[in-house]
Structures are given as C-alpha cells and as structure tokens.
Amino acid sequence: QVQLVESGGGLVQAGGSMRLSCSASGGTFSSLAMGWFRQSPGKEREFVAAINWSGGWTSHTDSVKGRFTISRDNAKNTIYLQMNSLKPEDTAVYYCAAYSNGYWTTTPAYWGPGTQVTVSS
C-alpha cells in the first residue's frame, strides 16, 4: 500500500551533519504520521523521531533531541531527518516508517528498506 525509500545516508565525521530523506508513494501521504527509527548490529531497533500528518507535532527521542529534527513536505511526499552534531553512537541503519493514521502510535504500519549512516570518530 505504502512504499518508502530512504536516501542521504553515508559516512560523516563526528560533529558533522547529514540530512536523510524518505520518499513515499502508494498511499495518502499527507494523511499519515511518519517516523524515523534506527538499528545498530546487536541492538534492537529504536525510535528516533515522528511527525504527525501536518507537521505541526513532532517527537524526538531524548538521545537526539536538540541535534536531530524531523520535518515533512507533503507536496513532495517526503519526510526528512536533519542530523547535526553527529556522534559515533548515531551510527546505524536508519529506517523510514509510516503509521496507519495521522498521529504517532506505538507501531508503524510500513517500513522502508533503510539507509546506512556511519559516523567516524
């Protein structure tokens, strides 16, 4: 129903910045809450950030609050994750996700394939 594709990952030096994008298709993007998750080897997938249907409400996990910012452009069917002051601990595969309604809930309904972010020390 909803297809998600992440882009913008890669290698960055600690303290640097990176912007991830997620393009959505196959659904009513502007009506859905969206989110970012990440997973490192040996660790469980964790919530990073979420944004409601309009972009007027966002949530960021404490470890990235003040450094990462989720945003969306409904006209482009795209969400973004601006990552500043990156730390080696941020190294992970980052996944875009779509929820089943317009506001964040516990479990997303759809996932992208992920994009690798590597932060060197």
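You'll find the structure just up there.
Note that the structure is a prediction, hence the values are computed from the model and not measured. (Residues numbered from 1 in each chain as written. Predicted model: local features only at pLDDT ≥ 70, side-chain atom pairs only at ≥ 80, totals over all residues. Heavy atoms only, no water.)

A. How the structure looks around the overall build of the protein. Across its full length, the protein holds 0 helices and 11 strands. Its helices and strands in sequence order give the protein the pattern β-β-β-β-β-β-β-β-β-β-β, from N to C terminus. For a compact globule of 121 residues, the expected C-alpha radius of gyration is about 14 Å, and the protein comes in at 13 Å, within 12% of that figure. Overall size of the protein, expressed as C-alpha extent along the three principal axes, is 40 × 25 × 25 Å. Long-range contacts, defined as pairs at least 24 residues apart, comprise 57% of the intrachain contacts of the protein with a sequence gap of at least 6. (Helix = DSSP H or I, 4+ residues; strand = E, 2+ residues; numbered from the N terminus. Rg over C-alpha atoms; globule rule 2.2 N^0.38 Å. Contact = heavy atoms within 4.5 Å.)

B. Representation of the sheet that holds strand 3 (residues 18-25) in the model. Read across the open sheet, the 4 strands follow the order 1-3-8-7; overall the sheet is antiparallel. Two strands close off the open sheet at either side, each with one partner strand: strand 1 (3-7) and strand 7 (68-73). Going across the sheet, the axis of each strand differs from the next one's by a mean of 20°, ignoring polarity. As paired strands, strand 1 and strand 3 are joined by 5 bridges and run antiparallel to one another. The partner of Q3 across the bridge, within strand 3, is S25. (Pairing = 2+ DSSP bridges. Axes fitted to C-alpha atoms, helices over the stretch in contact; angles between N-to-C directions.)

C. Inspection of unusual backbone geometry at higher detail. We note that N77 has phi near 50°; this positive angle belongs to a residue other than glycine. Position of N77 among the secondary structure elements: in the loop between strand 7 and strand 8 (78-83). The exposure class of N77 is partly exposed, given its relative accessible area of 28%. Even without glycine at this site, S85 takes up a positive phi of about 50°. Relative to the elements of secondary structure, S85 occurs in the loop between strand 8 and strand 9 (92-98). (Buried < 20%, exposed > 50% of the residue type's maximum accessible area, 1.4 Å probe, protein only.)

D. Molecular detail of the nonpolar core. One finds L4, M34, W36, L81, M83 and Y94 to be the most contacted residues of the largest nonpolar core, which totals 28 residues. Only strand 3, strand 4 (34-39), strand 5 (46-51), strand 7, strand 8, strand 9 and strand 11 (115-120) provide two or more residues apiece to this core. Beyond its immediate sequence surroundings of up to four residues, Y94 is in contact with E6, L20, W36, F37, R38, V48, F68, L81, M83, G114, T115 and V117. Counting residues in hydrophobic clusters, the runner-up holds 6 residues, among them A33, F37, F47 and A97. (Core = buried A, V, L, I, M, F, W, Y, C linked by side-chain atoms within 4.5 Å.)

E. Representation of empty space enclosed by the protein. Under the criterion given, the structure shown has 1 cavity of 30 Å³ or more. Taken as a whole, the largest cavity spans an internal volume of roughly 40 Å³. For the largest cavity, the full set of lining residues is R38, Q39, S40, K43, E44, E46, E89, T91 and A92. A breakdown of the residues in the lining of the largest cavity according to their chemical character gives 1 nonpolar, 3 polar and 5 charged. (1 Å grid on protein atoms, 1.4 Å probe; cavity = no way out; pocket = protein on both sides within 12 Å on 5 of 7 lines; lining within 4 Å. Points joined across faces, edges and corners; volume = space filled by probe spheres on them. Nonpolar A, V, L, I, M, F, W, Y, C, P; charged D, E, K, R; others polar.)

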